[in-house]
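# Descriptive analysis of the structure
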Amino acid sequence: MCILCKKRVDSLPVTLPSELSKLEVDRNGLSNVYNIKNDLNVCNEVFRNPLYVLDGTTKATSGYTTTACSGITTASTYTTSGCTAVYNLSEIDEFDLTFNITGNTEYTGYTGNFCYHTFDIQDFIGSEGIVHGQKSKLSNCTPYYKITGHSLNETIVQGDLPKKDAQYILKDFNLFKTQKCDDKLEIDTFKLTTQTVDDMFSEGNYFITVTNPDKPLINFSVNDDPLTTSSLITERVDLAEGQTTIFQIKGKPMGNQFLVTVNGVQITEGQDYITIPDYVGMFEIVNGELEPFLDTLTVTYINNTMNGEDIFNLNEDYLQKDSFIVTGITNDITTSASTRPSINYNPSRERQEILLSSPLKALADVILTVNGVTLTRNVEYYHSSTDNKKLIMDPKYPIKIKDAISIFYLTDDTADMMDLGFYRTLTPTVNWAAPESYSQYLNKDGKFIVQITTHDDSKFESVIQSYDVDFEQLNNIYELTLDELPTDLGKKFLIRVFFFKNFNILFNNIITTRAVSDTASFSVNVEYGKNSY
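Criteria and thresholds
Residues numbered from 1 in each chain as written. Predicted model: local features only at pLDDT ≥ 70, side-chain atom pairs only at ≥ 80, totals over all residues. Heavy atoms only, no water. Helix = DSSP H or I, 4+ residues; strand = E, 2+ residues; numbered from the N terminus. Buried < 20%, exposed > 50% of the residue type's maximum accessible area, 1.4 Å probe, protein only. Areas by Shrake-Rupley, 256 points an atom, 1.4 Å probe, with all protein chains shown as cover. Phe/Tyr/Trp six-rings, centres within 6.5 Å; stacked < 30°, edge-to-face > 60°. Contact = heavy atoms within 4.5 Å. Disulfide = S-S within 2.5 Å. Salt bridge = Lys/Arg side-chain N within 4 Å of Asp/Glu carboxyl O. Core = buried A, V, L, I, M, F, W, Y, C linked by side-chain atoms within 4.5 Å. Pairing = 2+ DSSP bridges. Axes fitted to C-alpha atoms, helices over the stretch in contact; angles between N-to-C directions.

What follows is about the overall build of the protein chain. Each helix and strand counted, the protein chain has five helices and 36 strands in total. Here the protein chain holds 533 residues, and the buried ones make up 47% of them. Only carbon and sulfur atoms are counted for the fraction: they give 48% of the accessible area of the protein chain, which is about 27,200 Å².

Below, the structure written as structure tokens:
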């Protein structure tokens, strides 16, 4: 390109206007003539912009018209199904753009900088076709002397660009001082000519940033959860004349789980008493007999106050009771392979540990008895802060061989998940919420995918039901009734909800990002479901 520079002299110019008009001027790039007047001499200097290939970008006018661009961006793959120059700012901290200069290397002899502006294509709307440098979202300049080997690497880090779905055009320019003109003019090649939107698309380099959507939120459903209408009670059982071994509780113990105490001492299930199958709240003393009017019999349980068939209680195991006689104490630092329930001595911590058969439900209380005596939490024993299937004994209260242990507690077999509770149907209705941020997804579309699998399939490798639900811009609560669940796969299931967000880009192409909800568990009362059609 040619730069016409000015030089003031004291005498009139020696070049006649007619001859000046014949001067051949390079109009490629730096083509403006600066303040040419009668009292100016003209100097002619050619500066050619460096030619380069920019790795990490593509051209907006090529490669997208014939190649479909779709798929899900991930942290390890930024180009999926034809997508090029796509960066997921939710999954990477930085990305590189590399200028490989292939020609016009005269810049090395100049004092100046190789620079670029980065424009959000959205800002071109309403710009009347003109692009101004102050609209740039990210600009940077590198001195020529710092460009080594005709290669320049630019690392874009988190915060350099807005964290959003956007399409960008990167346009280079140069800031340098002339060499031939005595005044050493400072030239900005971006301002030297009028930059148009068409110029940006034809000359600039194109790349895309995307973000993952916020994860959907699975909600608790109204499902007649009996735990919300129940209470922990202690019932004194009246001993009638001749009634010495078999007894019936007045209430409905949830899960048919309860603790039995004789004269203030808790007795052990399986050793001192057994429950009678098919009879809710009925049990038999098998180790001795009770004397009416002399012995006191009490039973502690969570009472189900809802009306309905006893089958509810037999199939809803919110409660867990670990009762056993200590026959041995293991000695191990790790307890992952230990038999449960059991007692372990941790030599590293110098503490005894009670290893529960099921995880404790968060914030739930525990009743722990040793030889019928109820111990006090945070005095004689403690809940582990790292293992929800462990109680820790205070060293002053050691457990011994032949001790009778009973632990009565609320459990959650999926303590690391949200538990939606029990549904008394094989076709439960689930619902979830779209986060508030979804309301900002203007001009974007998407869909939810709801997946159901069995309780032991935590990685959803064998999904048993899957549903597509369209995203609605003005809807933030979604509801879905499942197909009938199979009765031969157990009564506990897992659910998760994906959201796939589509970002529509140039040439009717689509970039899709996704998020997945936390996994939630739920149970169905299989027997009730099969017998209440």
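Overall, the coordinates contain 32 aromatic pairs when judged by the stated rule. Note on F47 and Y110: the rings are 4.9 Å apart at their centroids and 90° apart in plane angle, and the pair reads as edge-to-face. Residue F47 is located in the loop between β2 (40–46) and β3 (51–55), and its partner Y110 is located in the loop between β5 (94–103) and β6 (112–120); the two are separated by 63 residues in the primary sequence. Summarising the aromatic geometry, the rings of F448 and F471 are spaced 6.4 Å apart at their centres and angled 70° between planes, so their arrangement reads as edge-to-face. With F448 in strand β31 (residues 445–454) and F471 in the loop between β32 (465–470) and β33 (477–481), this residue pair connects regions lying 23 residues apart in the sequence. Given a relative accessible area of 0%, F448 falls into the buried group. Overall, the relative accessible area of 11% leaves F471 in the buried class. A connected cluster of aromatic rings, assembled from ring pairs, spans W432, Y438, F448, F471, Y478 and F499.

The next subject is the environment of I477. As for its placement among the helices and strands, I477 is situated in strand β33. Classification of I477 by relative accessible area gives partly exposed; the value is 44%. Sequence separation between I477 and I218 is 259 residues; the distance between their C-alpha atoms is 9.8 Å. Apart from the residues lying within four places of it in its own chain, the contact partners of I477 are N219, W432 and A433.

With that settled, the discussion passes to the state of the cysteines. The full count for this structure, using the stated rule, is one disulfide. Residue C115 pairs covalently with C141 via a disulfide, S to S 2.1 Å. Note on the C115 and C141 pair: the S-S dihedral is about 115°, so by sign convention the disulfide is right-handed. Here C115 is found in strand β6, whereas its partner C141 is found in strand β7 (residues 138–143), with 26 residues between them in sequence. When its relative accessible area of 0% is taken as the criterion, C115 is described as buried.

What follows is about the pattern of salt bridges. Across all of its chains, the model carries 10 salt bridges by this definition. Here K137 and D123 are joined by a salt bridge, their closest N and O atoms 3.3 Å apart. Of this pair, K137 sits in the loop between β6 and β7 while D123 sits in the loop between β6 and β7, placing them 14 residues apart in sequence. Residue K137 is classed as partly exposed on the basis of its relative accessible area of 36%. By relative accessible area, D123 is classed as partly exposed at 25%.

Below, the discussion takes up the nonpolar core. Core analysis: the largest hydrophobic core is formed by 29 residues, its most contacted members being F95, L97, F99, Y144 and F207. Looking at this core, the elements with two or more residues in it are β3, β5, β6, β8 (151–157) and β9 (166–177). Sequence-distant contacts of F99, that is, excluding residues within four places in its chain, are made with Y52, V53, L54, F114, Y116, H150, S151, L152, E154 and L170. Judged by nonpolar contacts, the second largest core, of 26 residues, contains I218, Y423, L426 and L485.

Turning our attention to the sheet that holds strand β14 (residues 246–248). Taking strand neighbours across the sheet as the criterion, the three strands line up as β14-β18-β17 in an open arrangement whose pairing is antiparallel. Strand pairing shows two members of the sheet lacking a second neighbour, β14 and β17 (273–275), which therefore form its edges. Each neighbouring strand pair of the sheet contributes to a mean axis angle of 25°, computed without reference to strand direction. In the sheet, β17 pairs with strand β18 (residues 282–285) via three bridges, with the strands oriented antiparallel. Residue T275 lies in a different strand from β18, and its bridge partner there is F283.

Coordinates in, geometry out; function isn't part of it.
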